[in-house]
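Notes for the structure review
Below, each chain spelled out in residue letters.
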Amino acid sequence: MLAEKKSNLILNIIFAIMFVVTVFPILLTISISLTDSRAIMDHGYSIWPETFSTEAYRYIFKTPETILRAYAVTIFVTVVGATLSTLIISLYSYALSRKDFKGRKVLTFYVFITMLFNGGTVAWYIVCTSLYHLSNTVWSMILPYLMNTWYIIIMRTFFQTSVPVSIIESGKLDGAGEWRIFFELVIPIAVPGIATIALFQTLNYWNDWWLPIMFIVKPELYNLQFLLQRMMQNIQQLNENAKYMANASEQLMNVPTDGARMALCIVAMGPILIVYPFFQKYFIQGLTIGSIKG
Amino acid sequence: MKMKKWLSFLLAAVLAALCLAGCGGNQNSAVVEEDMNQCPEDSYEINWYLMAEPQSDVHSIEAALNDYLKDKINVTVKINCLSSAQYGQKMNTMINANEYFDLCFAARWMLDYVNNARAGAFVALDDYLDSYLKDTAAGYNEGILDCSRVDGTLYALPVNKEMATQYGWIYRKDIADKYNIDMSQYKSFEDLEPVLAMIKENEPEMNYPIDWSIDTAPFTLYQSENFIFKDGTYPDDTVMNIFGTPEFKQACETARDFYEKGYVRSDVLTATDQLQRMKEGKTFVMLQPIKPGKVQELFKDSTYQFAQTGVTQPMIDYLAGTGSMQAISATSKNPVRVARFLNILNTDPYVKNLVIHGIEGKHYTKIDEKTVEPIENSGYDLYADSWTIGNVFLDYLTTAEEPDKLEQLKQFNAEAKDSRVNKFLLEANDDVEQRQAEISNVIDKYKKQLVVGAVDPETTIPEFLEQLDVVGVQEQIQYNQEQYDAYLKTLEQ
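Owing to the predicted nature of the structure, the values given are computational and were not obtained by experimental measurement. (Residues numbered from 1 in each chain as written. Chains lettered and ligands numbered in written order. Predicted model: local features only at pLDDT ≥ 70, side-chain atom pairs only at ≥ 80, totals over all residues.)

Some remarks on the overall build of chain B
Within chain B, the regular secondary structure consists of 19 helices and 14 strands. When its C-alpha atoms are laid out on the principal axes, chain B stretches across 75 × 70 × 55 Å. Each of the 493 residues in chain B was classed as buried or not, and the buried ones make up 40%. In chain B, the share of contacts with a sequence separation of at least 24, taken over all contacts with a separation of at least 6, comes to 79%. (Helix = DSSP H or I, 4+ residues; strand = E, 2+ residues; numbered from the N terminus. Buried ≥ 20, exposed ≤ 12 C-beta atoms within 10 Å, placed from the backbone. Contact = placed C-beta atoms within 7 Å.)

In structure tokens:
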């Protein structure tokens, strides 16, 4: 009893420390975004705003179209991309998990090989631009991440271990077709696995700035993370290359303040925080509910 | 057995793909010559990539350009602005993928002009200099185009702008006047120390009278004054490890001394807001690369007064010809027409000012013949990027600048000293590149901390040098020396 209490206490302390370590940077970011820029210059960062100011938020919403448009692009890409990719990954890996499926070995091998070897950025870029003509389309930010071989392997193993063959057979005996078996019997059992993949893919799509760098030239199609990334990178570029850009004085002076950068971080981070608890519900549920009784 | 069959199938597929890719590339049509005095009948669209912040009203500029150019060379222009964060990565991938575009910004420090030129990414322009680019070529100071050549061939046209680098102090003029300080008499950081001590004591607002980053710390001045060349040559033509020189040690010690005495801020290693602080009046002086009109450009709407004064001689260095250029892509379908457009961009004030300022009445108001006032939030203003485009001597100035800025700039160029090392380019094979990468990793790790004064040079420099020896800096020096000697020989001929 006493030992249990003790270990509980230790566990609690460990988790409390982890909580502080993860939450502190976020609180600091919020605080900096709400501090007057002169106060930051004078006193540095602090966890409580020295002089309160919403100047940073007003600065980034000065031209609200840019940010709102980026929001729309990000949300569209995330919703469509995560939904489609979860569906495709689940379908593909379910097929691979079925021992009675003939093409199983070939398709597994195909996935496996592409996971280990790939053609490199340039080949990939040529396929996306010359073959599929994705440059400057919203699809360039969705299609390249649709299939994720690593998640397919994970999901295949998940289906194999958590969906018993007897359930599929019982469905067959009752006269259900393959689609019905998949959507009505297999998916409800596999929710935890699918929710995990969906969460990962949601994060992948939400946090992506690499695809816009490669494919997007039109400012209308910039997404939120790209705006953020661009702002940070520009600052870095300007500082690293200041000696080459003797003429670039004006850009150097237009660098956004620390506050504005942090404010954009908060704006970009906001909605995804709401998604987390939603998925968490499924994790816990899925882990505790079994499928075959008796 | 089954596995084997699959592997062979896979191999065959890969080979087939490679073959197709091989056949697909390099379908460049032969160059079609054109008559300079005639407007061609077929229209051509020029896909132009600029390193600049994207502008929302770019379409009206394109329309105005197309109207103007239709009767001259019959082209339409598509302007693509990519911010510096995206530019290098995107353009490099496009070049490697052999993707079509016509014209782009390139420099030695962005888009790796030298290596991309050697790899055949850009059209050689030497043949055009007497024909399609004749007017442009006449506008350069002597020798500048030689600085832009790679292995004897010109692959891009440098932007005609300030062609020399000079370092100098930028400082708060009101404070200097108050204490009767004549900044032009201070020629080193060490000389400046008493002034800094005095300011620190008497001006409580200025906690840190001086500020710097890696490129504006004491070492910069040493490097610039002794003219220790980028790849490490001393004036007497011996290549050496600049980090082992007494000058480097002295510079780091000065930086460390100022850091410990509190003349420079304690977070100097990570700070990026040096110029912003200066603008807010919190710093007295900084070393900066200067040119005529620099402080007006930097602090155009500050409440304080600023001034600048030169410390080093203006020097034509390797950046003169390769610091900012326009290159025609090897994938362009009509390089001749693009060259003709480049010629107009470099010589026609209307086109240049349309591209940087926008349309009169819509994006700027004209004050007089050569002065404009930008309209705020008009959706187009690339004036800040003028130094990446064409010829800055054609620019209309803004009201915030000194009216004789361009004449001063010409004077500056005329007075600049040339150096014979600025055309030297190192040739490298894979092994050497590997070694260079390792060396620069070590340099990245130590140089910044040492130069800004954040660590003690007494203990860190020996460690730094040891690490450099481990990755083979001696071999590299020897290699550079051989190449440099060969270069000097060709120079004598």
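So that's the structure; there's more coming.
Quick look at the sheet that holds strand 3 (residues 103-106) of chain B
Residues and elements named next belong to chain B. With mixed pairing, 5 strands are arranged side by side in an open sheet as 2-1-3-11-6. A strand with exactly one partner marks an edge of an open sheet, and here the two such strands are strand 2 (75-82) and strand 6 (157-158). Relative to strand 11 (residues 325-328), helix 14 (residues 335-347) is tilted by about 160°, and along the sheet it contacts strand 1 (44-51), strand 2, strand 3, strand 6 and strand 11. (Pairing = 2+ DSSP bridges. Axes fitted to C-alpha atoms, helices over the stretch in contact; angles between N-to-C directions.)

Concerning the sheet that holds strand 8 (residues 210-211) of chain B
Across the sheet, which stays open at both edges, the 4 strands sit in the order 8-9-7-10 (chain B) with mixed pairing between neighbours. What marks the edges here is a single partner per strand, and that holds for strand 8 and strand 10 (306-310) of chain B.

Some thoughts on the environment of Tyr-68 of chain B
All names here are of chain B. Tracing the chain through its elements places Tyr-68 in helix 2 (residues 58-70). A tally of 15 C-beta atoms within 10 Å means that Tyr-68 is categorised as partly exposed. Between the C-alpha atom of Tyr-68 and that of Val-351, which follows or precedes it by 283 residues, the distance is 8.4 Å. If near-sequence neighbours (up to four positions away) are discounted, Tyr-68 is found in contact with Tyr-350 and Val-351.

A closer look at the confidence of the model for chain A
For chain A, mean pLDDT is 84; residues scoring 70 or higher make up 88% of the total. Ignoring residues within four places in sequence, the model shows residues 286-294 of chain A, a span with pLDDT below 50, making 9 contacts including any to other chains. (pLDDT = per-residue confidence, 0-100.)

Quick notes on the packing of helix 5 (residues 104-116) of chain A against helix 7 (residues 149-162) of chain A
All names here are of chain A. Viewed as axis vectors pointing N to C, helix 5 and helix 7 meet at an angle of 135°, and their least axial separation amounts to 9 Å. Classified by the angle their axes make, helix 5 and helix 7 are oblique. As for how helix 5 packs across helix 7, the hand of that crossing is left-handed. Contact residues: Val-111, Thr-114 and Met-115 in helix 5; Thr-149, Trp-150, Ile-152 and Ile-153 in helix 7. Residue classes in the contact of helix 5 with helix 7 are distributed as 5 nonpolar, 2 polar and no charged. (Parallel < 35°, antiparallel > 145°, perpendicular 65-115°, else oblique. Left-handed = near helix turned anticlockwise from the far one by under 90°. Nonpolar A, V, L, I, M, F, W, Y, C, P; charged D, E, K, R; others polar.)

Here's the deal with the pairing of strand 7 (residues 166-172) of chain B
Residue and element names in this part refer to chain B. For strand 7, a buried count of 7 out of 7 residues is recorded, marking the element as mostly surrounded by other parts of the structure. Sheet topology places strand 7 next to strand 9 (residues 285-290); 6 bridges connect them, and they run antiparallel. In the sheet register, Ile-170 faces strand 9, and the bridge partner there is Met-286. Inspection of the sheet shows strand 7 paired to strand 10 by 5 bridges, in the antiparallel sense. Across the sheet, residue Ile-170 finds its bridge partner in strand 10, namely Gln-308.

Regarding unusual backbone geometry
If you check the backbone angles, Asn-136 of chain A has positive phi at about 60° while not being a glycine. Locating Asn-136 of chain A in the fold gives a position in the loop between helix 6 (120-131) and helix 7. Despite not being glycine, Asp-112 of chain B has its phi angle at roughly 40°, a positive value. Checked against the element boundaries, Asp-112 of chain B lands in the loop between strand 3 and helix 4 (113-118). Among the residues examined, Asp-112 of chain B registers 18 C-beta atoms within 10 Å and is labelled partly exposed.

Observations regarding the confidence of the model for chain B
The predicted coordinates of low-pLDDT regions are not to be read in fine detail. Residue and element names in this part refer to chain B. Summarising the model, chain B shows a mean pLDDT of 85, and 91% of its residues fall at 70 or more. Across residues 18-29, confidence stays below pLDDT 50; counting only partners more than four residues off in sequence or on other chains, it has 3 contacts. Here residues 228-232 is modelled with pLDDT under 50, and outside its nearest four sequence neighbours on either side it reaches 12 contacts, counting other chains as well. With pTM at 0.82, the complex prediction returns an ipTM value of 0.80.

So, helix 6 of chain A
Taking 1.5 Å as the rise per residue, helix 6 of chain A with 12 residues should run 16 Å; its terminal C-alpha atoms sit 16 Å apart, in good agreement. Of the residues one or two after helix 6 of chain A, His-133 of chain A is the one with positive phi, at around 50°. (Expected span 1.5 Å × (residues − 1).)

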